[in-house]
Amino acid sequence: MNILVTGSKGFVGRNLIAELKNCGYNIYEFDVDSPKETLDEYTKNCNFVFHLAGVNRPEDPNEFMKGNYGFTLELLEKLKAHNNKSPILLTSSIQAELGNPYGKSKKAGEDLLFQYSKENNVEVYVYRLPNLFGKWSKPNYNSVVATFCYNIARDLEIKINNPESELTLCYIDDVLDEFKRALTNKPTKKGDYCYVPVAYNTTVGELAQIIKSFKETRKNLDIPNMSNSFIKKLYSTYLSYLPEDKLSYELKMNVDNRGSFTEFIKTLDRGQVSINIIKPGITKGNHWHHTKNEKFLVAYGEGVIRFRKIDSQEIIEYKVSGDKLKVVDIPPGYTHNIENVGKTDMVTVMWANEPFDPENPDTYYLEV
């Protein structure tokens, strides 16, 4: 199947083409700098058209109508000249409901497409998209999310005129899922218009605070709430705008002659993950907890984990090794330790059900 994508170098276009290629389609990519003669070839041979091209920030307001109506007219005339009745998906905007120059030009493009559909018996899908967000959007251009992510990741100022201003946002992958449904003639539709069924409502101020909290996670070691689909998608977007020389960050290693202990992740609702490195012959632990519980996973080296109920003399042993990964639960009420019995450093991933609280450590020394 040959698919023509206009506006192929734009935010939606780049993401859409990457996904269509994943699905095995042959893509005709057309953008403002493409040779004009290729459009004639593409409109002759395509089987579906994603018409994403448009103008949204011209120096001359008259360019709105030329770019959003004029190019749509050119595209349709070429399809008609080749008697190509390929379905057409048009990305319009919620601003088509408004009377500004941009909105008027988008509405004119919509009306042109609907007229073409009736006159030529061609299936068309018109999407009035809200604000979009996701990887590869251009910051300081037409996406507030991209601008906030880019600037906050670089400690640059963000400008908010009205923090209570409401936003409706759609994530690019949800847009692509809907576009693929339209590609198989199964769009989500209401009346004449199609829409992306997954959308999120927020305010400009709330959006800024959430993105700022993402930046702080490198200091507080928190992980955003991934059970919230909006937070999950917004965090993925934020990471895509990190400076390429700032993709890594250091952790505080607590080092002594026994090895090291490093906190990796600390969350209130999912606990804490730490990395414990123990030198050969060294034993760590010898303490117990009232409520705190842990999981130990030796990822490298050889060791023994020992338990004893605090009111018993019986010692329980578990041999652990990086050669055969297994998790050992550390229940409350058992004093416990872990010894490196190998010849190399032993690396243990430790999870605790709560982040360490120096005011209430719930940790009591007692030899196993």
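Heads up: the structure comes first, above all this text.
Numbering of residues starts from 1 in each chain and follows the order in which that chain's sequence is written. Whole-chain, interface and lining totals are the exception, using all residues; otherwise, since this is a predicted model, local features are given only for residues with pLDDT of at least 70 and side-chain atom pairs are given and counted only at 80 or more. Processing note: side-chain calculations cover all non-hydrogen atoms of the structure and skip hydrogens and water entirely.

*Asks:* Would you mind going over the overall build of the protein with me for this structure?
*Replies:* A count of helices and strands for the protein gives eight helices and 21 strands. Both definitions apply: the radius of gyration is a C-alpha atom measure, and the globule rule equals 2.2 Å times residues to the power 0.38. Radius of gyration (C-alpha) of the protein: 29 Å, far over the 21 Å computed for a compact globule of 368 residues. Only protein chains enter the accessibility calculation, which uses a 1.4 Å probe; a residue whose area is less than 20% of its type maximum is buried, one above 50% is exposed, and one in between is partly exposed. Burial statistics for the protein: of 368 residues in total, 45% are counted as buried. The criterion used for residue contact is that any of the two residues' heavy atoms lie within 4.5 Å. For the protein, restricting intrachain contacts to residue pairs at least 6 apart in sequence, the fraction spanning at least 24 positions comes to 71%. The method behind every accessible area is Shrake-Rupley, applied with a 1.4 Å probe, and residues are considered shielded solely by the protein chains displayed. Only carbon and sulfur atoms are counted for the fraction: they give 49% of the accessible area of the protein, which is about 19,900 Å². One way to put it: in the protein the 46 positive side-chain charges average out to a point 2 Å from where the 49 negative ones average out. Per the convention used, a helix needs a DSSP run of H or I reaching at least four residues, while a strand needs a run of E reaching at least two, with both numbered from the N terminus. Residues scored as charged are limited to Lys and Arg (positive) and Asp and Glu (negative), so that His and the chain ends carry no count. Charged side chains are reduced to one point each, which is NZ for Lys, CZ for Arg, CG for Asp and CD for Glu.

*Asks:* When you look at the sheet that holds strand β14 (residues 283-288) in this model, what are you seeing that I'm missing?
*Replies:* Hydrogen bonds between backbone atoms are what pair the strands of a sheet, whose relative direction is either parallel or antiparallel. A sheet is described by the order of its strands in space; here five strands give the open sequence β17-β16-β19-β14-β21, paired in antiparallel fashion. Looking at strand neighbours, the two that pair on one side only are β17 (316-321) and β21 (364-365), the edges of this open sheet. Relative to β17, strand β16 (residues 302-309) runs antiparallel, the two being bridged by six bridges. The partner of Glu-302 across the bridge, within β17, is Ser-321. Only strands that DSSP links by at least two bridges are regarded as paired with each other.

*Asks:* Even after reading the chapter, I still don't get a nonpolar patch on the surface, so can you show me in this structure?
*Replies:* A contiguous nonpolar patch, built from Tyr-249, Leu-251 and Phe-264 and spanning about 250 Å² of accessible area, is present on the exposed surface. Mapped onto the elements of the fold, Tyr-249 is located in the loop between α8 (229-239) and β11 (253-256). Any residue with relative accessible area above 30% and no salt bridge may belong to a patch, with like charges joined within 9 Å and the nonpolar Val, Leu, Ile, Met, Phe, Trp and Tyr side chains within 5 Å. A pairing counts as a salt bridge when a side-chain nitrogen of Lys or Arg comes within 4 Å of a carboxyl oxygen of Asp or Glu.

*Asks:* Help me out: how do you make sense of the layout of surface pockets in this one?
*Replies:* One simple way to see leftover space: roll a probe sized like a water molecule over the atoms. Points on a 1 Å grid, built from protein atoms alone, make a cavity when a 1.4 Å probe fits but cannot get out and make a pocket when they are open with protein on both sides within 12 Å along at least 5 of 7 lines; residues with an atom within 4 Å of a point are the lining residues. Grid points are joined across faces, edges and corners, and a volume is the space filled by probe spheres set on the points. There is about 620 Å³ of room inside the second largest pocket. Contributions of two or more residues to the lining of the second largest pocket are made by β11, β12 (259-267), β13 (271-278), β14, β15 (294-300), β19 (334-340) and β20 (346-352). In terms of residue count, the dominant contributor to the lining of the second largest pocket is β12 (four residues). Looking at the lining of the second largest pocket residue by residue, the class counts come to seven nonpolar, twelve polar and seven charged. Just so you know the grouping, Ala, Val, Leu, Ile, Met, Phe, Trp, Tyr, Cys and Pro go in nonpolar, Asp, Glu, Lys and Arg go in charged, and all remaining residues, Gly too, go in polar.

*Asks:* What am I meant to see in the packing of aromatic side chains here?
*Replies:* Remark: the centre distance and the inter-plane angle together describe each pair of aromatic rings, the angle taken between the planes. Only rings of Phe, Tyr and Trp enter the pairing, Trp through its six-membered ring, and a pair is recorded when the two centres are within 6.5 Å. The plane angle decides the type: under 30 degrees is stacked, over 60 is edge-to-face, the rest tilted. On inspection of all chains with the given rule, the structure shows 15 aromatic pairs. For the ring pair Phe-48 and Tyr-125, a centre distance of 6.3 Å and an interplane angle of 15° mean the geometry is stacked. Here Tyr-125 lies in strand β5 (residues 124-129) and Phe-48 lies in strand β3 (residues 48-51), a separation of 77 residues in the sequence. Note on Phe-307 and Tyr-318: the rings are 5.9 Å apart at their centroids and 85° apart in plane angle, and the pair reads as edge-to-face. On the criterion of sequence distance, the pair formed by Phe-307 in strand β16 and Tyr-318 in strand β17 is long-range, its members being eleven residues apart. The partly exposed category is assigned to Tyr-318, whose relative accessible area is 40%. Positioned over the ring face of Trp-136 is Lys-135, at 4.8 Å from the centre of the ring. A cation over a ring is seen here: Lys-138 above Tyr-141, with NZ or CZ 4.7 Å from the ring centre. Whether a charge lies above a ring is judged from NZ of Lys or CZ of Arg, which has to be within 6 Å of the ring centre and within 35 degrees of the ring normal.

*Asks:* Please clarify how the environment of Leu-98 should be interpreted in this entry.
*Replies:* In this fold, Leu-98 is placed in the loop between β4 (88-93) and α4 (101-120). Using a relative accessible area of 47% as the deciding quantity, one classes Leu-98 as partly exposed. Once residues within four sequence positions are removed from consideration, Leu-98 is found in contact with Gly-103 and Lys-104.

*Asks:* I tried to follow the packing of helix α5 (residues 144-153) against helix α7 (residues 204-220) on my own but got confused; where do I start?
*Replies:* A pair of packed helices is characterised by two quantities: the angle between their axes and the separation of those axes. Lines are fitted to the C-alpha atoms to define the axes, a helix being fitted only along its stretch in contact, and any angle between axes, read from their N-to-C directions, falls within 0 to 180 degrees. Look at α5 against α7: their axes get within 10 Å of each other, and the N-to-C directions meet at 35°. Every pair of crossing elements has a handedness; the one defined by α5 and α7 is right-handed. For the pair formed by α5 and α7, the contact residues are Val-144, Val-145, Phe-148, Cys-149, Ile-152 and Ala-153 on the first element and Val-204, Leu-207, Ala-208, Ile-211, Lys-212 and Lys-215 on the second. Definitions for this section: a left-handed crossing has its near helix turned counterclockwise from the far helix by less than a right angle. A right-handed crossing has that turn clockwise.

*Asks:* So what exactly am I meant to see when it comes to the pairing of β14 here?
*Replies:* Sheet faces and side chains relate simply in a regular strand, where the side chains alternate between the two faces. Where β14 and β19 come together, four bridges link them in antiparallel fashion. Bridge pairing links Thr-283 to Glu-339 in β19. Alignment of β14 against β21, held across two bridges, turns out to be antiparallel. Directly across from Trp-288, in β21, lies its bridge partner Tyr-364.

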